[in-house]
Structure formats: structure tokens, C-alpha cells
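Geometric and topological summary
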Amino acid sequence: MFFLLQTYFDIDRYRGTNLWEPLRAGIQADMQRAYRERKYQIKKHFDRVGGYRNVERARRRPPDDWTAEDWNDIIDLLFL
């Protein structure tokens, strides 16, 4: 992700300055928010397609933009 930020923003010039820590903290907070939101959306999908009541059914219904393998890995990692 940092590499992608460097593509669009020249943030290295702030490293070592008094602006670096607020910039780093802002980037970190934004990434945490994005992670929480994505995880929330994934959990809503999991619950909608079977959830804990029917994990096997949920496994068979990954989100449209996910592979079955990635979806099963996420179910194992986050929900089970």
C-alpha cells in the first residue's frame, strides 16, 4: 500500500520533519477505517448468505468479486 501512496504523493519529503508523525498517523487512521469498513461489508455478506447457522452455504456463495478460495480463506480467518 505504501508503494501505491508513493506513486501519487511525494510523502518522503516529509520524513524526518515535524509534519511526518501527523501525516503517518493520518494515513494509518485512514487505512484502519478502510479495513473496518471492508470487514463490516464482508461480515454482512457472510451473514446474509448463511452465516454461522449455515457456514457451508455461506462458503458456496462468495461475493461477486471474490474467488471461492479467497472467500473460504477469509471465512476461516475472520469468522471461524
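Let me begin by describing the structure that accompanies this report.

So, how was this worked out
Residues numbered from 1 in each chain as written. Predicted model: local features only at pLDDT ≥ 70, side-chain atom pairs only at ≥ 80, totals over all residues. Heavy atoms only, no water. Helix = DSSP H or I, 4+ residues; strand = E, 2+ residues; numbered from the N terminus. Expected span 1.5 Å × (residues − 1). Buried < 20%, exposed > 50% of the residue type's maximum accessible area, 1.4 Å probe, protein only. Contact = heavy atoms within 4.5 Å. Phe/Tyr/Trp six-rings, centres within 6.5 Å; stacked < 30°, edge-to-face > 60°. Lys NZ or Arg CZ within 6 Å of the ring centre and 35° of its normal.

1. Considering helix α2 (residues 20-48)
Note on helix geometry: an α-helix contains 3.6 residues per turn, so any two residues three or four positions apart are oriented the same way. The terminal C-alpha atoms of α2, which comprises 29 residues, lie 42 Å apart, in line with the 42 Å expected from a rise of 1.5 Å per residue. Three or more residues of α2 are buried, namely Trp20, Ile42, His45 and Phe46. Where α2 is buried, its residues meet α3 (55-59) and α4 (68-79). The first or second residue beyond α2 is Gly50, which carries a positive phi of 155 degrees.

2. Observations concerning the packing of aromatic side chains
A complete count under the given rule lists three aromatic pairs for this structure. Taken together, a centroid distance of 5.3 Å and an interplanar angle of 75 degrees make the contact between Phe46 and Tyr52 edge-to-face. For Tyr52, a relative accessible area of 49% puts it in the partly exposed group. Residues Phe46 and Phe79 carry aromatic rings whose centres are separated by 4.5 Å and whose planes lie at 20 degrees to one another, so their mutual orientation is stacked. One end of the pair, Phe46, is in helix α2; the other, Phe79, is in helix α4, with 33 residues separating them in the sequence. Across the pair, exposure class does not vary: Phe46 and Phe79 are buried alike. Here the aromatic residues Phe46, Tyr52 and Phe79 are joined through ring pairs into a cluster of three or more. Stacked on the ring of Phe79, the Lys or Arg Lys43 has its end atom at 6.0 Å from the ring centre.

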